[in-house]
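Given next are the chains, with one letter for each unit.
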Amino acid sequence: MNLRPFLKILSFVIMVALGAYLFFHYGWYVYFVDRDKAIQLLNAYHPYDRIIFIILQIGQVVAAPIPGEATGLIGGYLYGPVMGTVYSTIGLTIGSWLAFMLSRFFGMQFVEKVVSPEAIRKFDLFMEHQGAVVSFLLFVIPGFPKDYLCYIMGLSHMPVVTFLVISTVGRLMGTAMLSVCGHCVRSEQYLLLFIVVVASVVVIVPAFVYREKILDTLKRHSKKHKKDDIQ
């Protein structure tokens, strides 16, 4: 009798139950959405605050619905534009790897519990074509749910190293911009903050508005290359 599927399901149930209990019983979710409380938490654990910050970044990726903008700003606010980006990148990379490996180990049944059916349908090209270039573009272009992508890519045959390079480099520009904004707030460099925000809006708004068209274009491009490879 093969007990592997049963053990996978049992592990999944235990992990979700324990995570949900800790997350809500102790009010940990507050630190992902309230900037001031997160800063208080980090300051309280000095000199280990950097480790706590990295753990927060890991958590916001694994708990995919939680927005990562708040923690990204906190990194720049507390540690400056350079080290804020470094610490955020470490946490985001570890979190992305965990999401990818959880998906790869538990499979589609697990991903369906974490990712909405609509998101799976939209990004099913990864399971069909696994194009590294297309994957990288979706991490770079604003407007796409990057944490969800980590789970969906785990269902593909993409090598772990390739995924880590794509997710880490693809997130880097957005991470750096958030860190710069957080630093500008703390140092009261409001002119620079205004410039960065305007530049971000110029890039993000069109990408968000036309994200469906961008995704359709990338899908057609990926399918065309697959057809050419077969021929």
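That block above? That's the structure.
Structural notes, computed from the coordinates. (Residues numbered from 1 in each chain as written. Predicted model: local features only at pLDDT ≥ 70, side-chain atom pairs only at ≥ 80, totals over all residues. Heavy atoms only, no water.)

### Describing the pattern of salt bridges
When charged atoms on two side chains of opposite charge get close, those side chains can pair. According to the stated counting rule, one finds two salt bridges in the structure shown. The salt bridge partner of D49 is R50, with a shortest N-O separation of 3.7 Å. Residue classification places D49 among the buried residues on the basis of a relative accessible area of 6%. Residues D147 and R171 are paired through a salt bridge, measuring 3.0 Å at the closest nitrogen-oxygen approach. Of the two residues, D147 sits in helix 10 (residues 146-153) while R171 sits in helix 11 (residues 160-187), which places them 24 residues apart along the sequence. Residue class for D147 comes out buried when judged on its relative accessible area of 10%. Residue R171 is classed as buried on the basis of its relative accessible area of 9%. (Salt bridge = Lys/Arg side-chain N within 4 Å of Asp/Glu carboxyl O. Buried < 20%, exposed > 50% of the residue type's maximum accessible area, 1.4 Å probe, protein only. Helix = DSSP H or I, 4+ residues; strand = E, 2+ residues; numbered from the N terminus.)

### Remarks on the environment of G182
Mapped onto the fold, G182 is located in helix 11. Spatially, the C-alpha atoms of G182 and G75 are 7.0 Å apart, while their sequence positions differ by 107 residues. With residues near it in sequence (within four places) discarded, G182 still touches L73, G76 and Y77. (Contact = heavy atoms within 4.5 Å.)

### With respect to helix 9 (residues 132-140)
The set of residues buried in helix 9 consists of V134, S135, L138 and F139. In a view along the axis of helix 9, the buried residues occupy a sector of 140 degrees, so they form one face of it. (Arc of directions from axis to C-beta.)

### Quick word on the environment of I52
Relative to the helices and strands, I52 resides in helix 4 (residues 49-62). Residues I52 and A38 lie 14 residues apart in sequence; the distance between their C-alpha atoms is 9.8 Å. Setting aside chain neighbours within four positions, we find I52 in contact with L41, L42 and Y45.

### With respect to the packing of aromatic side chains
A complete count under the given rule lists six aromatic pairs for this structure. Ring plane angle 15 degrees and centroid distance 4.2 Å describe the contact between F100 and F163, whose orientation is recorded as stacked. Separated by 63 residues along the polypeptide, F100 in helix 5 (residues 69-106) and F163 in helix 11 bring together distant segments of the chain. Look at F100 and you get buried, because its relative accessible area is 0%. Relative accessible area serves as the criterion here: at 0%, F163 is assigned to the buried category. Consider the rings of F106 and F110, whose centres lie 5.3 Å apart with planes at 35 degrees: the pair is tilted. (Phe/Tyr/Trp six-rings, centres within 6.5 Å; stacked < 30°, edge-to-face > 60°.)

### Some remarks on the nonpolar core
Within the largest apolar cluster, 25 residues are counted, with the highest numbers of intra-cluster contacts made by V115, F123, F139, M153 and F163. Going through the elements one at a time, helix 5, helix 6 (108-114), helix 7 (117-122), helix 9, helix 10 and helix 11 are the ones with two or more residues in this core. Among the elements that line this core, the one with the most residues is helix 10, at six residues. Sequence-distant contacts of F139, defined by excluding residues within four places in its chain, comprise K146, L149, C150, M153, F163, I166, S167, G170 and R171. Counting residues in each nonpolar core, the second largest holds 11 residues, with A38, L56, I58 and Y87 among its members. (Core = buried A, V, L, I, M, F, W, Y, C linked by side-chain atoms within 4.5 Å.)

### A look at the packing of helix 9 against helix 11
One way to put it is that helix 9 packs onto helix 11 with a least axis distance of 8 Å and a crossing angle of 30 degrees. The angle between the axes of helix 9 and helix 11 places the two elements in the roughly parallel class. Relative to helix 11, the crossing made by helix 9 is right-handed. Between helix 9, through A132, S135, F136, F139 and V140, and helix 11, the contact on the second element is made entirely by T162, F163, I166, S167, V169, G170 and R171. (Axes fitted to C-alpha atoms, helices over the stretch in contact; angles between N-to-C directions. Parallel < 35°, antiparallel > 145°, perpendicular 65-115°, else oblique. Left-handed = near helix turned anticlockwise from the far one by under 90°.)

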